[in-house]
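The primary structure of each chain is shown beneath.
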Amino acid sequence: MKYLSDLGISDGVLVKLNGVLSPLEKEALEKHSSLVKKNIEYLKNIGINNLDLVFSNYYYIFLLDSSKFESIFNKYEASDLADKISKNAEIIEFL
């Protein structure tokens, strides 16, 4: 999952994920690396700055089709959403 490190996901998060993900989940993240990358880049572009926290807790949503992924976040004004996620990443569960 080197590509995640290249995208700014910390080594600590990657070590944690390697310890808790099933082989199928790891395979999905590798197999769909371009999709995961696109979704991470989207969040970076709207101003989400705590990607480590978001990715480590919600890695599975990064496997969603990019149009579906973006539609989850496009319902809200980007800077307001980025601020709220920065303060409490758990709100992602309710989007």
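Every value quoted in this text rests on a predicted model; they were computed, and no experiment measured them. (Residues numbered from 1 in each chain as written. Predicted model: local features only at pLDDT ≥ 70, side-chain atom pairs only at ≥ 80, totals over all residues. Heavy atoms only, no water.)

Chemist: Give me the lowdown on the packing of helix H4 (residues 33-45) against helix H6 (residues 66-74), citing residues and values where you can.
Modeler: In a packed pair of helices, the relevant descriptors are the angle between the two axes and the axis-to-axis distance. Between H4 and H6, the shortest axis-to-axis distance is 10 Å and the interhelical angle comes to 20°. In terms of orientation, H4 and H6 fall into the roughly parallel class. Both H4 and H6 take part in a crossing whose hand is right-handed. Here H4 contributes Leu35, Lys38, Asn39, Tyr42 and Leu43 to the contact with H6, which in turn contributes Ser66, Phe69, Glu70, Phe73 and Asn74. Here the contact of H4 with H6 is built from residues that sort into five nonpolar, three polar and two charged. (Axes fitted to C-alpha atoms, helices over the stretch in contact; angles between N-to-C directions. Helix = DSSP H or I, 4+ residues; strand = E, 2+ residues; numbered from the N terminus. Parallel < 35°, antiparallel > 145°, perpendicular 65-115°, else oblique. Left-handed = near helix turned anticlockwise from the far one by under 90°. Contact = heavy atoms within 4.5 Å. Nonpolar A, V, L, I, M, F, W, Y, C, P; charged D, E, K, R; others polar.)

Chemist: I'd love a proper account of the packing of H4 against helix H5 (residues 51-58), names of residues and values included.
Modeler: Closest axis-to-axis distance for the H4/H5 pair is 11 Å, and the angle between their directions is 140°. On the basis of their axis angle, the class for H4 and H5 is oblique. Relative to H5, H4 is oriented so that their crossing is right-handed. For the pair formed by H4 and H5, the contact residues are Val36, Ile40, Leu43 and Lys44 on the first element and Leu51, Val54 and Phe55 on the second. The class makeup of the residues in the contact of H4 with H5 is six nonpolar, no polar and one charged.

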